[in-house]
Amino acid sequence: MAEEKEKKGFFARLKAGLAKTRDNIVESFTDVFGASHIDDDFYENLEETFIMADMGYETTEKVIEGLKQKVEDSHIKEPAACKELVINIIKNQMSVDDSAYDFENKKSVVLVIGVNGVGKTTTIGKLAAQYRQRGKKVLMAAAIDQLKTWADRAQVDIISHNEGADPAAVVYDAVAAAKARDTDILLVDTAGRLHNKKNLMDELAKMRRIITRDYPEANVEALIVLDGTTGQNALEQARQFSNVTELDGIVITKLDGTAKGGIAIAIQAELDVPVKFIGVGEKIGDLQRFDPQEYVNALFADFDEDRSEIDMLIGDDM
Ligand code: GDP
């Protein structure tokens, strides 16, 4: 019951957070799908709506191609009939395999990757607290003190070195501690210095080598954290990191209050790496598993009776 309520609260916050994107989209959608014919203009206007929502060129093209195919196959004549089709095409593209979360039930080392300021520390703190609440033995590791506040809040142990310490040394100590304490999940803040590609690649490879060598029984899960408010920049960061290291999943933070919500769709489609978690605020409960159905509904669904709740959550400042 409490869980149900919490989920509803998260969804309402997600909708509120995405309201900026949605306000744009819903208005354009009404125009686009209100057209009288399915013609080049119709497709162009639809394309423009997606680009405006930061869905990215490639993804937009894919969705439009998918729609054209459906329209042809099903002999659809009415623009209005395309709306559901578009929404379903996007949902299908975003679907996340259940095995995406298998690492949570194994002995795992979660490497949290991303540039400074995107929300790595916060994400680790939220995950740690949630895993602990689920009865898991959690350990955090970082080369910064910042994570200590979260360790206290989440009531989990932390292995930390001074700021600027060699991240590989942090991993080395953390792995030893995780083994000694029979930890279920070790969350590692990788410090995120995107100084240069070669250094970053070497650093991440070194961390992985230490884990494979010293803790072969552990499963390694590399999550990249991206700031949802940065739109196409987030996509670019994800591309750069995916060029230097294998990524298992994406976390998109700060989806509360951005007009760039379409970026989640673009990133997943273009990198073929699933979005596994999204953040819609700074509290522990504000990070959840990504639910493509809910997300796409929150982005594209018409305003409904929840609108008053959303207005309340948005307040006057949006
Ligand atoms: P790091 O440098 O990557 O470790 O980033 P931090 O975890 O320190 O986060 C940077 C800022 O983003 C902090 O002020 C966080 O409170 C904030 N932040 C992180 N996730 C979210 C989120 O989902 N929503 C909002 N509004 N703020 C967030």
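Described below are features of the structure shown in this document. Predicted model only: the values in this text are computed from it and were never measured.

**Overview of the overall build of the protein chain**
Then comes step 1: Helices and strands together make up the secondary structure of the protein chain, namely 13 helices and eight strands.
Then comes step 2: Over its C-alpha trace the protein chain gives a radius of gyration of 21 Å, about what one expects of a compact globule, namely 20 Å for 318 residues.
Then comes step 3: Projected onto the principal axes, the alpha-carbon positions of the protein chain cover approximately 65 × 40 × 30 Å.
Then comes step 4: The buried share of the protein chain, taken over its 318 residues, is 53%.
Then comes step 5: Taking contacts inside the protein chain between residues at least 6 apart in sequence as the whole, the part at least 24 apart equals 75%.
Then comes step 6: Within the structure as shown, the protein chain displays about 14700 Å² of accessible surface, and the carbon and sulfur contribution to it stands at 45%.

**Considerations on helix α8 (residues 167–180)**
Then comes step 1: The first and last C-alpha atoms of α8 sit 20 Å apart over 14 residues, in line with the 20 Å expected at 1.5 Å per residue.
Then comes step 2: Here α8 has its buried residues at Pro167, Ala168, Val170, Val171, Ala174, Val175, Ala177 and Ala178.
Then comes step 3: Tucked into the core, α8 has its buried residues touching β2 (138–142), β3 (157–160), β4 (185–189) and α9 (197–214).
Then comes step 4: Its side-chain oxygen 3.0 Å from the backbone nitrogen of Ala168, Asp166 forms the N-cap of α8.
Then comes step 5: Phi turns positive, to about 55°, at Asp182, one or two residues after α8.

**Brief notes about the pairing of β2**
Sheet faces and side chains relate simply in a regular strand, where the side chains alternate between the two faces.
Then comes step 1: Within β2, five of the five residues are buried, which leaves the element mostly enclosed by the surrounding structure.
Then comes step 2: In β2, alternate side chains face the same way, and those of Val138, Met140 and Ala142 on one face and Leu139 and Ala141 on the other are all buried.
Then comes step 3: Two elements, β2 and β4, share four bridges in a ladder whose sense is parallel. Looking at β4, one finds that Met140 is bridged to Leu187.
Then comes step 4: The pairing of β2 with β3 spans four bridges and is parallel.

Thresholds, definitions, all that
- Residues numbered from 1 in each chain as written.
- Predicted model: local features only at pLDDT ≥ 70, side-chain atom pairs only at ≥ 80, totals over all residues.
- Heavy atoms only, no water.
- Helix = DSSP H or I, 4+ residues; strand = E, 2+ residues; numbered from the N terminus.
- Rg over C-alpha atoms; globule rule 2.2 N^0.38 Å.
- Buried < 20%, exposed > 50% of the residue type's maximum accessible area, 1.4 Å probe, protein only.
- Contact = heavy atoms within 4.5 Å.
- Areas by Shrake-Rupley, 256 points an atom, 1.4 Å probe, with all protein chains shown as cover.
- Expected span 1.5 Å × (residues − 1).
- Polar contact = N/O pair within 3.5 Å; in protein donor to acceptor, adjacent residues only side chain to side chain.
- Pairing = 2+ DSSP bridges.

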